[in-house]
Number of protein chains: 2
Amino acid sequence: MSRFDTYFLMKTEDVAEYVKEKLNFFPEDATLECKEIGDGNLNYVFRLKDVETGKSIIVKQAGEATRISAEMKLSTDRGRIEAKILSIQGKYAPGLVPEVYLYDGVMCAMLMQDMIGHTMMRTGLINHEIYPLFPEHISTFLVNSLLLTTDVVMGHKEKKENVKSFINPDLCEISEDLVFSEPFIDYNKRNNVFPANKDFVQKELYNDKKLHLEAAKCKFDFMNNAQSLIHGDLHTGSIFINQEHTYVFDPEFAFYAPMGYDIGNVIANMFFAWCNGDATIEDAKEKEEFCGWILDSIEEIVDKFIAKFKVSFKEHVTDTMAKTEGFMEWYLGTVLRDTAAVAGFESIRRTVGMANVKDITSIADEKKRARAEKIVITLAKDYIMNRETSFQSGADYRSAIEAAIAKF
Amino acid sequence: MSRFDTYFLMKTEDVAEYVKEKLNFFPEDATLECKEIGDGNLNYVFRLKDVETGKSIIVKQAGEATRISAEMKLSTDRGRIEAKILSIQGKYAPGLVPEVYLYDGVMCAMLMQDMIGHTMMRTGLINHEIYPLFPEHISTFLVNSLLLTTDVVMGHKEKKENVKSFINPDLCEISEDLVFSEPFIDYNKRNNVFPANKDFVQKELYNDKKLHLEAAKCKFDFMNNAQSLIHGDLHTGSIFINQEHTYVFDPEFAFYAPMGYDIGNVIANMFFAWCNGDATIEDAKEKEEFCGWILDSIEEIVDKFIAKFKVSFKEHVTDTMAKTEGFMEWYLGTVLRDTAAVAGFESIRRTVGMANVKDITSIADEKKRARAEKIVITLAKDYIMNRETSFQSGADYRSAIEAAIAKF
């Protein structure tokens, strides 16, 4: 019998005893120190550290409600999903996700590698850090974790068992509402619209019925198309990074959906960093360097994804019909279409929706922030409305971004 | 303890005792008679009848291998799925599916309503029976069972639980292989090609790479798009019918997939009946009447489906974004596109694939059978290659059919 045999929400003082009971990780006589370091919306994240050696471990426990709103009750089963996903992603994209030591279904807690020496990427980008290896790392992560879990590659029966195992109604509902619905029709009155852009948002988002129709189409594709095991929340706050390594974590929104969802999220969030850099860096050369790197990175991510996708497809394709001449190009085309669409939805929902991003909200100058948001929304609409054919290469993204910037 | 506490495959002599143990259906002293009446590929179907009153019940037991090939092992779990599906379809389309009295998970057997006084529709059609109410009944069944199980209508969480519950890897594999792959690339050497059409099939199916590409696209949509709870095997052998009633049964292939799959199956199988009538009815007036009714029916099924779909959509739609102006028309357009494609795949796979249909194989005259198959294949390719825009109404189907007939 142990007090950890029944679920309760741990406090920092519980964690040392908990880890000692579960894992032989620290020496018996170690002096351990615990801090709550979470800043997500759904979980409690503790770092437990041996004061002498500096060795540390992360304990991530799922709460029963979101931290931004107690009304949004969630299944704690998402921790189980997360631990399984990390092990699958670790298999396909080794070294690009943290190691999971143990998942405890009773306490809904995961004991995992502490990515010490790495920064949350959003924080790094807001400090205008440059990570030259990021496009190389993230494109490998995307191709490997996404293409290898489709039924183009994976045995169809195994893939269907995966689909079943990772059906995730609670977290999908959040995305369906916050990404594909409320930014266009604010029926829950939860949007956070920057006051200076109220009229712009009214005209460009709330009143644009053609945009609503495209959003509706994409929403049902997102809900129904079980293409690939996506991360589901791949923004720069779900990445720990330094000059050498990139770790993708927090895959608790994972389920089978169009793979463009993950790629689009990365692209949209990289551009938020551009907005921050453009609005807040004072030194012209420094600005040029950081913002230029962001645009180069977006282009590079898309092009490296395409190149690695083709190599991996040819190497790993197993389905007889998927080997048909022209199929790979068609399939990749649909992935790029979905990527553009989701880059648009993520851009919009992080600007006017319930969950904003610090890259934008931390721009203190009201005019500069208003301009940044207008650029983001204009670009996003281009992504969504012209997704079918206009975004097939990194250069296409660069042109669209430059055109949107030039308008404001 | 009972000998039915462990699974075994029943013989006719076991069924009376089995039913008495499970259900209070017949009087204690009734004289019961049992016959095996199944002619499907996967199950054993027994009719147990009270000799004096004529009252009867059906016992359908799942075997562990298909009846056409002992190598194709199947999960007996499909019976559980079938019983649950019949209860859902019975709720949405009352009076159009048989009543289930009991499902026994141990014996993998379902005790259900005997649709006595009804004929298996394929048998009736081969006897050139006309069923004037069929388009009315089947269009209601299709709209109600399909549209009401989508997430346009159903709560998204409930729908996801359904998707999970009805994932059906064994039976999906059969469709993926037999419908979307082998008729184009005969890698398992299981196709049954009519010798007189060997060259035609080689040229029109095996050598047509453009067709293979479209088949590959549709295959992945069929495998991934969890749109609606489809019957999954809605041919005329899965329908019991008479002049007043229509019962759809055998939904053991059911899972979440594009709804066009069911509609396309109905259309393709109705046309097989046309082929039989055209090739085997000698009396010109009788032929005109039967074949004319088939063409009218196909047109009527499509048009009634469209009309009822629109009414039902407006009445039942719940999703906020799905209410966007233009969404219903777009959504229905995709359903009609999928319908045409599947009408094509079903036509082809039943002509050259592993599981042929009696409507065609019973045409004794070799030249007439060869002509019928050429018409079917030519029409099927039109359905598949021009699915995007050419099949949006009953009249579109009539024109395409007439054009294919005129070629041979």
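Quick notes on the rules
- Residue numbers here run from 1 along each chain, matching the order of that chain's written sequence.
- The order in which chains are written sets their letters, starting at A; the order in which ligands are written sets their numbers, starting at 1.
- Local features in a predicted model are, by the rule used here, given only for residues with pLDDT of at least 70; side-chain atom pairs are given and counted only at 80 or more, and totals for whole chains, interfaces and linings are based on all residues.
- Water and hydrogen atoms were dropped before computing side-chain values, which therefore reflect all heavy atoms in the structure.
- Secondary structure counts use DSSP, requiring at least four H or I residues in a row for a helix and at least two E residues in a row for a strand, with both numbered from the N terminus.
- For a compact globule the rule gives 2.2 Å times the number of residues to the power 0.38, and the radius of gyration it is set against comes from C-alpha atoms.
- Each residue is placed in one exposure class: buried if its accessible area under a 1.4 Å probe, protein chains only, is under 20% of its type's maximum, exposed if it is over 50%, and partly exposed if it falls in between.
- We call two residues in contact when some of their heavy atoms are within 4.5 Å.
- Charged-residue counts in this description rest on Lys and Arg as positive and Asp and Glu as negative, His and the chain ends being excluded.
- Working definition for charges: the position is that of NZ of Lys, CZ of Arg, CG of Asp or CD of Glu.
- By definition, the buried area sums, over both parts, the 1.4 Å-probe accessible area that each loses when the two are put together.
- By definition here, a salt bridge exists when the distance from a side-chain nitrogen of Lys or Arg to a carboxyl oxygen of Asp or Glu is within 4 Å.
- For this classification, Asp, Glu, Lys and Arg are treated as charged, while Ala, Val, Leu, Ile, Met, Phe, Trp, Tyr, Cys and Pro are nonpolar and the rest, including Gly, are polar.
- Directions from the helix axis toward the C-beta atoms define the arc.
- These domain limits were set by an automatic method or by a database of domain assignments.
- Two N or O atoms count as a polar contact when they lie within 3.5 Å, although within protein this holds only if one can serve as hydrogen donor and the other as acceptor, and sequence-adjacent residues are included solely when both atoms are side-chain atoms.
- In this analysis, strands are considered paired if DSSP registers two or more bridges between them.
- Fitted lines through C-alpha atoms give the axes, limited to the stretch in contact for helices. The angle between two N-to-C directions lies from 0 to 180 degrees.
- Planes of paired rings set the category: under 30 degrees apart is stacked, over 60 is edge-to-face and the rest tilted, where pairs are Phe, Tyr or Trp rings (Trp by its six-membered ring) whose centres lie within 6.5 Å.
- A positively charged side chain is recorded as over a ring if its NZ (Lys) or CZ (Arg) lies within 6 Å of the ring centre. The angle to the ring normal must also be within 35 degrees.
- Roughly parallel covers angles under 35 degrees, roughly antiparallel covers those over 145, roughly perpendicular covers 65 to 115, and oblique covers all other angles.
- Here a crossing is taken to be left-handed if its near helix is turned anticlockwise relative to the far helix by less than a right angle, and right-handed if that turn runs clockwise.
- Patch members must show over 30% relative accessible area and no salt bridge, and they are joined within 9 Å when carrying like charges or within 5 Å when they are nonpolar side chains of Val, Leu, Ile, Met, Phe, Trp or Tyr.
- Throughout, the Shrake-Rupley method with a 1.4 Å probe supplies accessible areas, and for residues the shown protein chains are the sole cover considered.
- Superposition of the copies was done by least squares, using only C-alpha atoms of residues whose pLDDT is at least 70 in both.

K.L.:
Can you help me understand the overall build of chain A in this one?
P.N.:
Scanning chain A for helices and strands turns up 14 helices and 10 strands. In terms of overall dimensions, chain A is globule-like: its C-alpha atoms have a radius of gyration of 21 Å, near the 22 Å expected for 408 residues. Based on the C-alpha atoms only, the size of chain A along its principal axes is roughly 65 × 55 × 45 Å. Out of the 408 residues in chain A, the part that is buried amounts to 62%. Contacts spanning at least 24 positions in sequence make up 72% of the contacts within chain A whose residues lie at least 6 apart. Of the charged side chains in chain A, 48 are positive and 64 negative, and the gap between their average positions amounts to 4 Å.

K.L.:
When you look at the interface of chain A and chain B in this model, what are you seeing that I'm missing?
P.N.:
As a measure of interface size, the accessible area lost when the parts come together is often cited. Chain A puts 42 residues into the contact, and the matching count from chain B is 42 residues. Here chain A packs against chain B, burying approximately 3,700 Å² in sum over the two surfaces, 67% of which is carbon and sulfur. Put simply, chain A and chain B have 8 salt bridges between them. With a closest N to O distance of 2.7 Å, A:Asp319 and B:Lys219 form a salt bridge. Elements represented by at least two residues in the side of chain A that touches chain B include exactly α5 (156-165), α6 (169-178), α8 (209-224) and α11 (327-352) of chain A. Of all the elements, α8(A) adds the most residues to the side of chain A that touches chain B, at 10 residues. Classifying every residue of the side of chain A that touches chain B gives 19 nonpolar, 9 polar and 14 charged.

K.L.:
Whenever I open this one, the pattern of salt bridges confuses me. Can you help?
P.N.:
Two side chains carrying opposite charge are able to pair once their charged atoms lie near each other. Residues and elements named next belong to chain A. Counting across every chain of the model gives 62 salt bridges over all chains. As a salt-bridge pair, Asp296 and Arg398 come within 2.5 Å of each other at their nearest N and O atoms. Note that Asp296 is positioned in helix α10 (residues 284-316) and Arg398 in helix α14 (residues 394-406), a separation of 102 residues in sequence. Its relative accessible area of 39% is what places Asp296 among the partly exposed residues. Its salt-bridge partner being Arg337, residue Asp338 comes within 3.0 Å of it at the nearest N-O pair. Of the residues examined, Asp338 reaches a relative accessible area of 9% and is grouped as buried.

K.L.:
Whenever I open this one, helix α7 (residues 198-206) of chain A confuses me. Can you help?
P.N.:
Note that an α-helix has 3.6 residues per turn; residues three or four places apart therefore point the same way. Residues and elements named next belong to chain A. Along α7, the residues classified as buried are Phe200, Val201, Glu204, Leu205 and Tyr206. The buried side chains of α7 occupy one side of the element, clustering within an arc of 160° when seen end-on. Away from its buried face, by an angle of more than 90 degrees, α7 presents the exposed residues Asp199 and Lys203.

K.L.:
What should I look at first to understand unusual backbone geometry in this one?
P.N.:
Trans peptide bonds make up the majority, and among non-glycine residues the majority have a negative phi. Residues and elements named next belong to chain B. Notably, Cys108 is not glycine yet its phi reads approximately 50°, a positive angle. With respect to the element layout, Cys108 can be found in the loop between β4 (100-104) and β5 (109-113). Phi angles above zero are rare outside glycine, and Asp250 is one such case at about 60°. Looking at the element boundaries, Asp250 is found in the loop between β9 (246-248) and β10 (255-257).

K.L.:
For this particular structure, what's the right way to read the domain arrangement of chain A?
P.N.:
All names here are of chain A. Partitioning chain A into structural domains gives domain 1 (3-113) and domain 2 (119-406). The centre of domain 1, based on its C-alpha atoms, is set 27 Å off from the matching centre of domain 2. The tally of links between domain 1 and domain 2 comes to 2 salt bridges. Of the charged contacts in the structure, one is a salt bridge between Lys60 and Asp250, with a shortest N-O distance of 2.0 Å. Counting the contacts that link domain 1 with domain 2 gives 7 residue pairs in polar contact (both at pLDDT 80 or more). At 10 residues, helix α2 (residues 78-92) tops the list of elements feeding residues into the side of domain 1 that touches domain 2. Class assignment for the residues of the side of domain 1 that touches domain 2 results in 13 nonpolar, 5 polar and 7 charged.

K.L.:
It is not clear to me how the sheet that holds β9(B) should be interpreted in this structure. Could you clarify?
P.N.:
Hydrogen bonds between backbone atoms are what pair the strands of a sheet, whose relative direction is either parallel or antiparallel. All names here are of chain B. Spatially, β6-β8-β9 is the arrangement adopted by the 3 strands of the open sheet, whose pairing is antiparallel. Sheet topology places β6 (119-120) and β9 at the edges, where each strand pairs with a single neighbour. Lying over the sheet, helix α4 (residues 134-147) contacts β8 (239-241) and β9, oriented at roughly 35° with respect to β9.

K.L.:
Looking at this model, I keep getting lost on the packing of aromatic side chains. Mind explaining?
P.N.:
The way to describe two aromatic rings as a pair is by their centre distance and the angle between their planes. Per the stated rule, a full pass over the model turns up 52 aromatic pairs over all chains. Feature note: the residues A:Phe220, B:Phe305, B:Phe309, B:Phe313, B:Phe327, B:Trp330 and B:Tyr331 constitute an aromatic cluster, connected by ring pairs. The ring of A:Phe25 has A:Lys55 lying over it, and the distance from NZ or CZ to the ring centre is 4.0 Å.

K.L.:
In this structure, what is going on with the packing of helix α9 (residues 260-280) of chain A against α10(A)? I would like to understand it.
P.N.:
When two helices pack together, their arrangement is given by the angle between the helix axes and by the axis-to-axis distance. Residues and elements named next belong to chain A. Relative to each other, α9 and α10 sit at 170°, their axes nearing to 9 Å. The orientation of α9 relative to α10 falls into the category roughly antiparallel. When α9 is examined against α10, the residues Ile263, Val266, Ile267, Met270, Phe271, Ala273, Trp274, Gly277 and Asp278 are found in contact with a partner set consisting of Lys287, Phe290, Cys291, Trp293, Ile294, Leu295, Ser297, Ile298, Ile301, Val302 and Phe305.

K.L.:
Just checking my understanding: could you explain the packing of α4(B) against helix α10 (residues 284-316) of chain B for this structure?
P.N.:
Residue and element names in this part refer to chain B. The geometry of α4 relative to α10 is characterised by a closest axis approach of 8 Å and an angle of 40° between their N-to-C directions. Classified by the interaxial angle, the pair formed by α4 and α10 is oblique. Relative to α10, the crossing made by α4 is right-handed. Between α4, through Phe134, Pro135, Glu136, Ile138, Ser139, Thr140, Leu142, Val143 and Leu147, and α10, the contact on the second element is made entirely by Ser297, Glu300, Ile301, Lys304, Phe305, Lys308, Phe309, Ser312 and Phe313. Counted by class, the contact of α4 with α10 contains 10 nonpolar, 4 polar and 4 charged residues.

K.L.:
In this structure, what is going on with a negative patch on the surface? I would like to understand it.
P.N.:
Taken together, the side chains of A:Asp283, A:Glu286, A:Glu288 and A:Glu289 present a region of like negative charge at the surface. Topologically, A:Glu288 is positioned in helix α10.

K.L.:
Quick question: what am I supposed to make of the relation of the copies chain A and chain B here?
P.N.:
Superposition of the two copies of the chain requires a rotation about an axis together with a shift along that axis. Rotating chain A by 180° about the axis while translating it 0.0 Å along that axis superimposes it on chain B, leaving an RMSD of 0.1 Å. The operation mapping one copy onto its partner corresponds to a two-fold rotation axis. Taken together, the interface assignments show that 100% of the residues at the interface of chain A recur at the interface of chain B, consistent with an identical surface on both copies.

K.L.:
Would you explain the sheet that holds strand β1 (residues 32-36) of chain B in this entry?
P.N.:
All names here are of chain B. Ordered in space as β1-β2-β3-β5-β4, the 5 strands form an open sheet in which the pairing is antiparallel. Only two strands of the sheet have a single partner each, and these edge strands are β1 and β4. Adjacent strand axes in the sheet meet at a mean angle of 20° when their direction is disregarded. The pairing of strand β3 (residues 56-62) with β5 spans 5 bridges and is antiparallel. If you follow Lys60 over to β5, its bridge partner there is Met110. Running over the sheet, helix α1 (residues 12-22) touches β1, β2 (43-50), β3, β4 and β5 and is turned about 120° from β1.

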